[in-house]
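Overview (structure and organization)
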Amino acid sequence: AMADEWSVAASNWRALAELIAMQVDRSTLLFDIGSTTTDLIGIHPAHVDTASRTDTDRLLWGELVYTGIERSNVAGLLQKFNDEGVEYPIVNEQFATASDAHIVLGHLEADANNMVTADGRSRSLENCQQRLARTMGLDLEFVSPQTLTRLAHAVHEAQSSLIAQAIVKRYGQCPASSISQIMLTGHGQFLARAAINRLSWQPTVITLSDFLTPAAERSACAYAVAKLAEAMR
């Protein structure tokens, strides 16, 4: 790494995949959804099933999807939203992110102390609703909570569809012959399950927590680097 830093740039995913390859006894799809991205990594016992070396490679192959449960721009996921026959164009501005939708749906907890949002205001439920309303060109006073919930569902559906499409692109609609199980990790596992439900394939689903402690799972890539270094001694 010191001699050629580009050989390991943005490769934390590879470290985790290599560690999992040392643990599993069957073909596995490692499915990691975080705040910004989704990783889809095929793994066989003692072997990571990818020729990708860079994020660009993985984007082209469908092994990396730039959508996550917090930072993804709503306007990048939806161009329009049909609510009971009224088709609203979605304003192409950074007015709301996926975290707003998932808080409205109850997938994530509201947090009045977290200001990492599109407008710098907290992740209270009301502020999340206000940000979603602005993507429709409205203020909160002029849109019903039911409409905002339906908009949040549309965001969730758009994300799960993107991820399902990437799985099909890389592995086919029903890759049971090449993948025996899916291993979920990251704090977007609810979105991973929604994407899986879009496929005709219904695999065995396990979680990384079956192999690691909760503390190790939270820092899984760093933990993987340490364990791989230990194994090389």
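Here's a quick rundown of the structure. (Residues numbered from 1 in each chain as written. Predicted model: local features only at pLDDT ≥ 70, side-chain atom pairs only at ≥ 80, totals over all residues. Heavy atoms only, no water.)

1. Examining unusual backbone geometry
Even without a glycine there, the phi angle at A10 is positive, about 55°. Counting through the fold element by element, A10 comes out in the segment before α1 (12-21). On the basis of relative accessibility, which here comes to 45%, the residue A10 falls in the partly exposed class. Residue A46 is not a glycine yet carries a positive backbone phi of 70°. Following the sequence through the fold, A46 ends up in the loop between β2 (38-44) and β3 (47-48). (Helix = DSSP H or I, 4+ residues; strand = E, 2+ residues; numbered from the N terminus. Buried < 20%, exposed > 50% of the residue type's maximum accessible area, 1.4 Å probe, protein only.)

2. A short note on the side chain of E217
In this structure, E217 sits in helix α8 (residues 214-218). For the buried E217, no salt bridge exists, and the shortest N-O distance to an oppositely charged side chain is 8.7 Å, to R218. (Lys, Arg positive; Asp, Glu negative; His and termini not counted. Salt bridge = Lys/Arg side-chain N within 4 Å of Asp/Glu carboxyl O.)

3. A few points about the pattern of salt bridges
In the structure shown here, the tally under the stated rule is 15 salt bridges. R170 is paired through a salt bridge with E63; the nearest N and O atoms lie 2.8 Å apart. Linking R170 in helix α6 (residues 145-171) with E63 in the loop between α2 (55-61) and β4 (64-65), this pair joins segments that are 107 residues apart in sequence. For the residue pair R170 and E63, the accessibility class agrees, reading buried in each case. Across the pair E84 and R150 runs a salt bridge whose closest N-O atoms are separated by 3.7 Å. Of this pair, E84 sits in the loop between β5 (80-83) and β6 (86-89) while R150 sits in helix α6, and the two are 66 residues apart along the sequence. Overlapping salt bridges, with partners in common, bring together D100, D119, R121 and R131 in one network.

4. Examining the packing of aromatic side chains
By convention here, two paired aromatic rings are described through the distance between centres and the angle between planes. With the rule as written, the count across this model stands at 1 aromatic pair. For the ring pair F81 and Y88, a centre distance of 6.4 Å and an interplane angle of 20° mean the geometry is stacked. Overall, the relative accessible area of 24% leaves Y88 in the partly exposed class. In this structure, R134 packs its charged tip against the face of F95, placed 4.6 Å from the ring centre. (Phe/Tyr/Trp six-rings, centres within 6.5 Å; stacked < 30°, edge-to-face > 60°. Lys NZ or Arg CZ within 6 Å of the ring centre and 35° of its normal.)

5. A few points about the environment of E87
Within the fold, E87 resides in strand β6. On the basis of relative accessibility, which here comes to 47%, the residue E87 falls in the partly exposed class. The spatial distance from the C-alpha of E87 to the C-alpha of M136 is 9.9 Å, given a sequence separation of 49 residues. Those residues in contact with E87, other than ones at most four positions away along the chain, are K80, F81 and N82. (Contact = heavy atoms within 4.5 Å.)

What is shown is where atoms sit, not what they do.
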